[in-house]
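Residues per chain are reported as follows:
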Amino acid sequence: LHDALPISVVSRVRPLPPVQPAPPVTIDWPEYGRTGAHTQSLSVGPRPPLRVLWQGSDTSLLEFSPIVVRGVLYQVNYDGVVSARSAATGKSLWRRKMGSLAASAPAYDRGRLYAVMFSGQVAALDAFSGHVLWAFHVPSSVESSPVVDPQGHIYFGSQDGTLYALAGPTRHVLWHDSFDGSLKGSPTLVRGTLYIGSYGGTMYAVRASSGQVLWRQNTNGLSFGRGGQFYATPTSVGHLIIAGNTDGNIYAFNAHTGTVVWHVATGGYVYGAAAVATSATGPTVSVGSYDGYLYTLDAATGALRWKFYVGGRISGAASVVSGVVYVSNLALSRTYGLSTADGRVLFTYPSGGFNPVVSDGQKIYLTTWQTD
């Protein structure tokens, strides 16, 4: 017998593919104010210093910030063009002319994009392609940004004082009801109740399922008000509904009864919605006024935490991202980022006029206003 020969076993080992980093986790900002409570805020995200990654231009005024969903920015410009662009690169994905005038933000829900036009047209578009799924006309102008509930129903107000509830997938009118003045702000939706202010100076609470008015509070009859209108979208903070008025006051209403809990006078019209921030001593709200100041108040009591003069009138809503409140100056076209804790200036940008900032938790998207 021959001696056994050693056997060598050779295997071809394939190298493992390089590990790809997981894509960053993003957070949707799917409607005006980010949620139905319209807090205009996100607790996470980048903080200053910030650098420009890309910039894109539009053919018309951008009064409202975009929304951002799953890596796509959706926006409506002043000329009634609805558009989508990549949040990563700014590249245009599609554009759809829907009207001749618009002053609102769109809302996203389950692959559908809802947009309203000043002409009274309300439309649902396929968010991927921009294809129009349905269009619906109301007999009045509309600039109330739509809000969507968990069942896919959409709510918006109109200039003739009518509040509408539509089934989003089908455009079927669920109910509509009339109020004492134009409804220009977006309805705020919290736990099945809608809150909206009118140009008659009244704040309403309405049952979303039926349109039943639960309470109403008219501010024109109160001794501290000289009479004004609600243009601002209400903000829900705890048990309070907070909204500014053209009489120069910021009001906090009890969400259950409509009682005025506190009010703070400013030196000018208050058009923009409040932005909410958290702090060790409780939430704060930041609200801009035509007197040129951004006011940051204790949400529970209305006590002034700090105020900052931006140099001219503030028309749009502020927004909070990761402890920084952003606000734009309509008079001087400049945007500021201020510490929510003490009002220190952390960021400035030489443009901006209305609603400045949204975020997906990874990037900040700043809508500017270039003047010639």
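Residue numbers restart at each chain and count upward from 1, following the sequence in its written direction. Note on the predicted model: pLDDT of at least 70 is required for a residue's local features to be given, and 80 or more for side-chain atom pairs to be given and counted; whole-chain, interface and lining totals, by contrast, use all residues. Values shown for side chains rest on all heavy atoms present in the structure; no hydrogens or waters enter the calculation.

*Asks:* Please clarify how the overall build of the protein chain should be interpreted in this entry.
*Replies:* Secondary structure elements are taken from DSSP: a helix is a run of H or I of four residues or more, a strand is a run of E of two residues or more, and numbering for both begins at the N terminus. When you go through the protein chain residue by residue, the secondary structure sums to 0 helices and 31 strands. Summarising its shape, the C-alpha atoms of the protein chain cover approximately 115 × 50 × 45 Å along the three principal directions. When each of the 372 residues of the protein chain is scored for burial, the buried share is 58%. The contact definition used throughout considers only heavy atoms, calling two residues in contact when any of these lie within 4.5 Å. Relative to all contacts within the protein chain whose residues are 6 or more apart in sequence, the contacts with residues 24 or more apart total 45%. Residue burial considers only the protein chains on display, and all accessible areas are found by Shrake-Rupley using a 1.4 Å probe. Put simply, the protein chain shows about 16,400 Å² of open surface, and 53% of that area lies on carbon and sulfur atoms. We count Lys and Arg on the positive side and Asp and Glu on the negative side, and we leave His and both chain ends out. Note on charges: their place is set at NZ of Lys, CZ of Arg, CG of Asp or CD of Glu. Separation of charge centres in the protein chain, based on 25 positive and 19 negative side chains, amounts to 5 Å. Buried, partly exposed and exposed residues are distinguished by accessible area as a fraction of the type maximum, computed with a 1.4 Å probe on protein chains only: under 20%, between the cut-offs, and over 50%, respectively.

*Asks:* How should I be thinking about the sheet that holds strand β13 (residues 173-178) in this particular structure?
*Replies:* The rule for pairing is simple: two strands pair if DSSP sees at least two bridges between them. In spatial order, the strands read β10-β11-β12-β13; together these 4 strands make up an open sheet with antiparallel pairing. Every interior strand has two partners, whereas the edge strands, β10 (147-148) and β13, have only one. Pairing geometry for β10 and strand β11 (residues 153-157), over 2 bridges, is antiparallel. Bridging from a neighbouring strand, Val 148 pairs with Ile 154 of β11.

*Asks:* What is the right way to look at the packing of aromatic side chains in this model?
*Replies:* Note on aromatic pairs: each is described by the distance of the centres and the angle between the planes. Whether two aromatic rings pair depends on their centres lying within 6.5 Å, for rings of Phe, Tyr and Trp, where Trp uses its six-membered ring; planes under 30 degrees apart make the pair stacked, over 60 edge-to-face, and the rest tilted. Going through the model one piece at a time under the given rule, you end up with 20 aromatic pairs. Look at Tyr 74 and Trp 94: their rings are 6.3 Å apart centre to centre, the planes differ by 45 degrees, and that puts the pair in the tilted class. In this pair, Tyr 74 is assigned in strand β3 (residues 72-76) and Trp 94 in strand β5 (residues 92-97), connecting sequence segments 20 residues apart. An angle of 45 degrees between the planes, with centres 6.1 Å apart, marks the rings of Tyr 195 and Trp 215 as tilted. Of this pair, Tyr 195 sits in strand β15 (residues 193-197) while Trp 215 sits in strand β17 (residues 213-218), and the two are 20 residues apart along the sequence. With respect to class, Tyr 195 is no different from Trp 215; both count as buried.

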